[in-house]
Amino acid sequence: MQAGRQLFLVDCWLGVLQRASAGPTHTPAVCQRCCSTHLHGDRISDLGDLLITHWVTTFALDPPPLPIIGSPDTAETVEAKLKASGHDIEYQITHHTYLNTPPLIEVYEYTKGFVGAPPDGVSIRGSTNHGPVTPTIGFRIESGPTSVVLTGGTVPCASLDELAAEADALVHTIIRKNIVIRVHQQADQGHLQPPLVNRASDSNRGARGHRHPGHNVLCP
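Residues numbered from 1 in each chain as written. Predicted model: local features only at pLDDT ≥ 70, side-chain atom pairs only at ≥ 80, totals over all residues. Heavy atoms only, no water.

- Where UniProt is consulted, the chain appears under the name Putative ribonuclease Z, with the organism given as Mycobacterium leprae.
- If you open the UniProt record of the chain and go to Function, you find "Zinc phosphodiesterase, which displays some tRNA 3'-processing endonuclease activity. Probably involved in tRNA maturation, by removing a 3'-trailer from precursor tRNA (By similarity)."
- In its Catalytic activity section, the UniProt record describing the chain reads: "Endonucleolytic cleavage of RNA, removing extra 3' nucleotides from tRNA precursor, generating 3' termini of tRNAs. A 3'-hydroxy group is left at the tRNA terminus and a 5'-phosphoryl group is left at the trailer molecule." (UniProt positions renumbered as here; feature names shortened; annotations may be inferred.)

Observations concerning the pairing of strand S12 (residues 169-173)
Here is step 1: The alternating pattern of S12 places Leu 170 and His 172 on a buried face, while none of Ala 169, Val 171 and Thr 173, on the opposite face, is buried.
Here is step 2: When strand S11 (residues 146-153) meets S12, the two strands line up parallel, connected through four bridges. Opposite Val 149, over in S12, you have Leu 170 as the bridge partner.
Here is step 3: As a crossover connection, the stretch from S11 through helix H5 (residues 158-164) into S12 is right-handed. (Buried < 20%, exposed > 50% of the residue type's maximum accessible area, 1.4 Å probe, protein only. Helix = DSSP H or I, 4+ residues; strand = E, 2+ residues; numbered from the N terminus. Pairing = 2+ DSSP bridges. Right-handed = clockwise from strand over helix to strand, strands pointing away.)

Some thoughts on the sheet that holds strand S4 (residues 66-70)
Here is step 1: Strands sit in the order S1-S2-S3-S4-S5 across an open sheet of five strands; the sheet is mixed. Where the open sheet ends on each side, the last strands, each with one partner, are strand S1 (2-3) and strand S5 (105-109).
Here is step 2: Looking at chain direction, strand S2 (residues 6-10) and strand S3 (residues 33-35) are connected through three bridges and run parallel. From the neighbouring strand, Val 10 faces S3, where its bridge partner is Cys 35.
Here is step 3: In this fold helix H2 (residues 47-56) packs onto S2, S3, S4 and S5, with an angle of close to 160 degrees to the strand it touches most, S4. (Contact = heavy atoms within 4.5 Å. Axes fitted to C-alpha atoms, helices over the stretch in contact; angles between N-to-C directions.)

Structure follows, in structure tokens:
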């Protein structure tokens, strides 16, 4: 998502690098800020690739650190991803003359409230409810008169209402009704335990959405 001169990446889904590099100007190195709503595996599946690819394709002798904004434990997760890529980092430094140090990453961990104001009047803030994952956060990105809220996955809650109040758009992950129906069908056949069915039903309660390419938009 672009706001002013800043390009934000919210959550590192599987295949996000391919989609980013497919655009006319957007490549992983152009992403100035990475925002993580929570640490479910599907949200960070391409985080390791982003860290390495952004580092290698910045093509600068003194590149600025990549800021990553996320919930508590994000720094630990980033450190683990870098450790897993330790051998590749050594290979890349040996191969590329412009790489003198490992990837430079700055991690900022938040649970709620105002995060900061980078250039062009963009602000980021928010908290959500995605239990049993806790804490989780949402982002309100504002540039000029326009504001967009990106929340990952959450259920209706007061903090979400506050975060999305008077926003121009709310980008939100929802569970599709046909998936919930399949869960119940499998439960009736004895393949799933009742608590899993209850959680799936709760996730679908109070939300209706319209599908759009690449994301779902939650409507009130």
